[in-house]
Amino acid sequence: TTTPSTNCSGATATDYSFQYVAGAITIQTKALMITASSPSLTYGDPIPSITAAYDGLANTESSADLATAASAQIPAGDGAVAKFDLDTAIKSYRAALGAKPYDYEASWKLARSLLDKATLAPQKSLITEAEVLARRAVQSKPDDWKGHLYLAIAVGKLALFEGGKRQVELSNEVKTEAEKAIALNAKEDAAYHVLAIWHREMAELNFLLKKFAELLR
């Protein structure tokens, strides 16, 4: 909601002294429905790109105008990250995704900030949200390393809340995504760090879980 001010001026009369009182126009936000596409596919087929349909844009505005709003919020989030202000960063990246729900940069950056916050105060809900965002980023740009890296980290953190076979299944995805990140950017140290942690954790598995892990590869 915005309330730009209004003013009156220019009245003339010899019998009056004029006092002008400012007013305001109240402009309410307009509801905009953004619907994700719902493609169908056969098991084993590549995952199709998800697109958005917009219902409620005003005047001649288009989704390109929302992209401009998203791009304005991302630098604000980056600035907050530089100041170690994760709450503000998360708020900014959420706003960017609110303007453009499938923006690649906003998706992986929000995932990163949520994972950083979960490192400081472990919360499964933060990690689960980060996993969803990282998967969305991977779907949007499978040939960019950032989505794969933060998906590996999110799945790895999520595995800490699981046990037994489920933990092994998740850990194998950590390895897969970390290796994809390295293949796409061999200079990214964080991906090697994730892979090193994976090898350490695998070395500490008991015999039965190790055998199960071998079957999943």
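Residues numbered from 1 in each chain as written. Predicted model: local features only at pLDDT ≥ 70, side-chain atom pairs only at ≥ 80, totals over all residues. Heavy atoms only, no water.

Quick look at the overall build of the chain now. Helices and strands together make up the secondary structure of the chain, namely eight helices and four strands. Along the chain, from the amino end to the carboxyl end, the secondary structure elements read β-β-β-β-α-α-α-α-α-α-α-α. Expressed as a percentage of the 217 residues in the chain, the buried residues total 31%. (Helix = DSSP H or I, 4+ residues; strand = E, 2+ residues; numbered from the N terminus. Buried < 20%, exposed > 50% of the residue type's maximum accessible area, 1.4 Å probe, protein only.)

A few words now on the packing of aromatic side chains. Counted according to the given criterion, the structure contains three aromatic pairs. Centroid distance F18 to Y20: 6.5 Å. Interplanar angle 20 degrees. Geometry classified as stacked. Taking relative accessible area as the criterion, F18 reaches 38% and is therefore assigned partly exposed. Among the aromatic residues, those joined into a ring-pair cluster are Y16, F18 and Y20. (Phe/Tyr/Trp six-rings, centres within 6.5 Å; stacked < 30°, edge-to-face > 60°.)

What follows deals with the confidence of the model for the chain. Per-residue confidence for the chain averages 82 on the pLDDT scale, and 81% of its residues sit at or above 70. The low-confidence segment residues 206–217, where pLDDT is below 50, has 18 contacts with residues more than four positions distant or belonging to other chains. (pLDDT = per-residue confidence, 0-100. Contact = heavy atoms within 4.5 Å.)

Right, let's get into the nonpolar core. If you look at the biggest cluster of nonpolar residues, it comprises 40 residues, and the most contacted ones within it are L110, L114, L115, A130, L133, L149 and V194. For this core, the secondary structure elements donating two or more residues are α1 (63–82), α2 (86–99), α3 (104–120), α4 (124–140), α5 (145–159), α6 (164–184) and α7 (189–203). Ranked by residue count, the leading element in this core is α5, at nine residues. Excluding residues that lie within four positions of it along the chain, L133 makes contacts with L97, S107, L110, A111 and L114. (Core = buried A, V, L, I, M, F, W, Y, C linked by side-chain atoms within 4.5 Å.)

For E131, the position within the fold is in helix α4. E131 gets classed as buried once you look at its relative accessible area, which sits at 13%. Not counting the four nearest positions on each side in its chain, E131 is found in contact with L151, A154, V155 and L158.

The next subject is the side chain of K109. With respect to the element layout, K109 can be found in helix α3. A polar atom in the side chain of K109 sits 3.0 Å from the side chain of D78. Excluding residues within four positions of it along the chain, K109 makes contact with I74, D78 and Y93. (Polar contact = N/O pair within 3.5 Å; in protein donor to acceptor, adjacent residues only side chain to side chain.)

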